[in-house]
Amino acid sequence: MTAPAAAHPDTDSPMLVLIAGPYRSGTDGDPAAMAANLARLEAAAWPVFAAGHLPVIGEWIALPVLHSAGAGPTDPLAEQVLYPTAARLLARCDAVLRLPGESTGADLDVATARRRGLPVYHDVSELPHRARREDA
């Protein structure tokens, strides 16, 4: 189910939009496959920004956290960092953009967003567009 543009009543304010989709799913721990998945997530960042909002991807925060702990996305510690990072981000986000593809983490993000009453979009074209302003 997609939220209508009116789900965020003040489209004059930028939304913080969590971009959710596959990162580790289907990669069998292959770093190149995870990098390709991250690149697909990041490809949605510009359209979200161009619509007048602020994109965020959980891995942008979780991966440096893991790195600072001496771990990576396939280490056991990742389970204690990746999903909780997204959950903490969702406490601050205004919406979720769910990209296609199987992903347990992205499905959890959607469920959390819906529990919190946040709109979930499945295409960047569904995001409300803000009027361009230099000061926002």
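Above: the structure in question.
The paragraphs below set out a description of the structure included in this document. (Residues numbered from 1 in each chain as written. Predicted model: local features only at pLDDT ≥ 70, side-chain atom pairs only at ≥ 80, totals over all residues. Heavy atoms only, no water.)

1. Considerations on the overall build of the protein chain
Basically, it comes down to this: By definition, any uninterrupted DSSP run of H or I lasting at least four residues is a helix, any uninterrupted run of E lasting at least two residues is a strand, and each is numbered from the N terminus. Buried residues are those whose accessible area, probed at 1.4 Å on protein chains only, stays under 20% of the maximum for their type, while exposed residues exceed 50% and partly exposed ones sit between those limits. Note on definitions: a residue-residue contact is assigned when non-hydrogen atoms from the two residues lie within 4.5 Å. Surface accessibility in these figures is a Shrake-Rupley result with a 1.4 Å probe; residues are shielded only by whichever protein chains are displayed.
Looking only at helices and strands, one finds 5 helices and 4 strands in the protein chain. Scanning the protein chain from its N terminus toward the C terminus, one meets helices and strands in the order β-α-α-β-α-α-β-α-β. Out of the 136 residues belonging to the protein chain, those deemed buried represent 43%. Once local pairs closer than 6 in sequence are excluded, the contacts in the protein chain between residues at least 24 apart make up 67%. As displayed, the protein chain offers around 7500 Å² of accessible surface, 57% of which is attributable to carbon and sulfur atoms.

2. Some words on the pattern of salt bridges
A side chain with one charge may pair with a side chain of the opposite charge, provided their charged atoms come close. So the rule is basically this: Any carboxyl oxygen of Asp or Glu within 4 Å of a side-chain nitrogen of Lys or Arg constitutes a salt bridge here.
Taken as a whole and assessed by the stated rule, the structure comprises 2 salt bridges. A salt bridge links Arg-24 to Glu-79; the nearest nitrogen and oxygen atoms lie 2.7 Å apart. Of this pair, Arg-24 sits in the loop between strand 1 (16-20) and helix 1 (31-43) while Glu-79 sits in the loop between helix 3 (58-68) and helix 4 (82-90), and the two are 55 residues apart along the sequence. Judged by relative accessible area, which is 42%, Glu-79 ranks as partly exposed. Two residues, Asp-107 and Arg-98, come together in a salt bridge whose shortest N-O distance is 2.8 Å.

3. A look at the packing of aromatic side chains
The condition that has to hold: Stacked, tilted and edge-to-face are the three classes applied to pairs of Phe, Tyr and Trp rings, where Trp contributes its six-membered ring and a pair requires centres within 6.5 Å; stacked means planes under 30 degrees apart, edge-to-face means over 60, and tilted covers the rest. A ring is considered to have a charge above it if a Lys NZ or an Arg CZ atom is located within 6 Å of its centre and within 35 degrees of its normal.
If you walk through the whole model with that rule in mind, you get 1 aromatic pair. With a centroid separation of 5.8 Å and 35° between ring planes, the pair formed by Trp-46 and Phe-49 is classed as tilted. Highlighted residues: Trp-46 and Phe-49, both in helix 2 (residues 45-50), separated by 3 residues, approximately one helical turn. Overall, Trp-46 belongs to the exposed group, its relative accessible area being 59%. One Lys or Arg, Arg-24, reaches over the ring of Tyr-83 and ends 5.9 Å from the middle of that ring.

4. What about the side chain of Thr-85?
For Thr-85, the position within the fold is in helix 4. Thr-85 gets classed as buried once you look at its relative accessible area, which sits at 11%. Excluding residues within four positions of it along the chain, Thr-85 makes contact with Gly-58, Ile-61 and Ala-62.

5. As for the side chain of Asn-37
Summarising the element assignment, Asn-37 is placed in helix 1. When near neighbours in sequence (up to four residues on either side) are disregarded, Asn-37 contacts Pro-22, Tyr-23, Ser-25 and Thr-27.

6. Observations regarding the sheet that holds strand 3 (residues 95-98)
So the rule is basically this: Pairing between strands is defined by DSSP: at least two bridges between them are needed.
One open sheet accounts for 4 strands, arranged 2-1-3-4; its pairing is parallel. Two strands close off the open sheet at either side, each with one partner strand: strand 2 (54-56) and strand 4 (120-121). Relative to strand 2, strand 1 runs parallel, the two being bridged by 3 bridges. Counterpart to Leu-18 in the pairing with strand 2 is Val-56.

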